[in-house]
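Fold and geometry: a report
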Amino acid sequence: TETLIEVNEFVVTDDHLYGAAGDAFGCYKWELEEPNKLITTYRPKYGGYLHSVHKIPDSDLLLCGGEDGILEVWDTVKDERIDCLTMDDSVKWIASCRARDHDWWTVAGGTAAGGFIATWHGPTRSLIAKVTTNEIPQQIAYCTGTLLSVTNDNVTTHWKNPLELTERQRVWCSHSSGYAIAVDDRHIATAGFGGSVDVFEERTQPSIQLSLDRG
């Protein structure tokens, strides 16, 4: 419904839609029963541009992250910020945030020298593990216990131990830069710069490639 800003990611709950936006208002909260009704906005503490928003499963908590490099935790019932989690001085921005469950949260994004992925224990707000990468993660997702990340290169990385961020397997993709990833029980689909969608069966076996070339 906006014409002057971009919504970079959104999440839908039973009653509301939350959109991470590229303006000073941060995260927009809309009423789904009345699609044009804006309930409120969740403004980042230090202002600015949001890349990612994610609802923690089985909770009323919402994660938001963006250009300030801080993971914010919001109560969606009270519409109040309840915490701000700072990585370290090397982290410049958050590109994606996901919660495996109520306890374990993963954050990924960019540093001055490349990228990072970090695991937090949500209830104690403790940083459990953090790895730096040459590539910059642009989207992360969970798939039956494995953490997946696509970056500004042509591979999808499977982190088989997502809490400690170890046991890494890299799978080649057709795109030169990965922006999006989607999963179900059997398939993983990745897409980005390059005009195609790669679909993998049983996580790592190439299945089909969908071409977006209209020529």
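The notes below deal with the structure included here. (Residues numbered from 1 in each chain as written. Predicted model: local features only at pLDDT ≥ 70, side-chain atom pairs only at ≥ 80, totals over all residues. Heavy atoms only, no water.)

Formed by 16 residues in total, the largest nonpolar core has its most connected members in Leu-63, Leu-71, Met-87, Trp-105, Val-107, Phe-116 and Trp-120. Of all elements in the fold, only strand E6 (61-66), strand E7 (70-75), strand E9 (91-99), strand E10 (104-111) and strand E11 (115-121) reach the threshold of two or more residues within this core. With four residues, the single largest contributor to this core is E9. Setting aside its immediate chain neighbours within four residues, Trp-105 contacts Ile-56, Leu-63, Leu-71, Val-73, Leu-85, Arg-98, Ala-99, Ala-118, Thr-119, Trp-120, Gly-122 and Arg-125. (Core = buried A, V, L, I, M, F, W, Y, C linked by side-chain atoms within 4.5 Å. Buried < 20%, exposed > 50% of the residue type's maximum accessible area, 1.4 Å probe, protein only. Helix = DSSP H or I, 4+ residues; strand = E, 2+ residues; numbered from the N terminus. Contact = heavy atoms within 4.5 Å.)

Next up on the list: the packing of aromatic side chains. Scanning the model with the defined rule gives four aromatic pairs in all. Seen from their ring centres, Tyr-42 and Trp-74 are 4.5 Å apart, and the 5 degrees between their planes marks the pair as stacked. With Tyr-42 in strand E4 (residues 38-42) and Trp-74 in strand E7, this residue pair connects regions lying 32 residues apart in the sequence. You can call Trp-74 buried: its relative accessible area is 6%. (Phe/Tyr/Trp six-rings, centres within 6.5 Å; stacked < 30°, edge-to-face > 60°.)

With that settled, the discussion passes to the pairing of strand E15 (residues 155-161). Taken across its seven residues, E15 has six buried, putting it largely inside the fold. As paired elements, strand E14 (residues 146-151) and E15 share four bridges and run antiparallel to each other. Considered in E15, the bridge of Leu-148 is made with His-158. One ladder, built from six bridges, connects E15 with strand E16 (residues 166-172); its direction is antiparallel. Directly across from Trp-159, in E16, lies its bridge partner Arg-168. The hairpin formed by E15 and E16 contains four residues between the paired strands, and Leu-165 there has a positive phi angle of roughly 60 degrees. (Pairing = 2+ DSSP bridges.)

We now examine the sheet that holds E7. On the basis of which strands lie adjacent, the open sheet formed by four strands has the order E5-E6-E7-E8 and antiparallel pairing. The open sheet has two edge strands with one neighbour each: strand E5 (50-55) and strand E8 (80-86). Direction aside, the axes of adjacent strands within the sheet are offset by 20 degrees on average. (Axes fitted to C-alpha atoms, helices over the stretch in contact; angles between N-to-C directions.)

Below, the discussion takes up the pairing of strand E19 (residues 196-201). Regular strands show a simple pattern: their side chains alternate between the two faces of the sheet. Summarising burial for E19: five of the six residues are buried, a large majority. In this sheet, E19 lies alongside strand E18 (residues 187-193) in antiparallel orientation, the contact comprising five bridges. Bridge pairing links Thr-190 to Asp-198 in E19. Hairpin connection, E18 to E19: the antiparallel pair is bridged by two residues, and Gly-194 has positive phi, about 140 degrees. Two strands pair when backbone bridges link them, and E19 and strand E20 (residues 205-211) are joined in this way by six bridges, in the antiparallel orientation. Bridge assignment links Glu-201 to a residue of E20, and that residue is Gln-205.

The topology assignment puts Lys-29 in strand E3 (residues 27-31). Assessed through its relative accessible area of 4%, Lys-29 is described here as buried.

Under the counting rule described, the total for this entry stands at nine salt bridges. Across the pair Asp-79 and Lys-29 runs a salt bridge whose closest N-O atoms are separated by 2.8 Å. Here Asp-79, found in the loop between E7 and E8, pairs with Lys-29, found in strand E3; they are 50 residues apart in sequence, far enough to count as distant. In this structure, the salt-bridge partner of Arg-186 is Glu-201, at a minimum N-O distance of 1.8 Å. Taken together, the positions of Arg-186 in the loop between strand E17 (177-183) and E18 and Glu-201 in strand E19 put the pair 15 residues apart, joining distant regions of the chain. Look at Glu-201 and you get partly exposed, because its relative accessible area is 25%. Taken together, the salt bridges that share partners define one network made up of Glu-135, Asp-153 and Arg-170. (Salt bridge = Lys/Arg side-chain N within 4 Å of Asp/Glu carboxyl O.)

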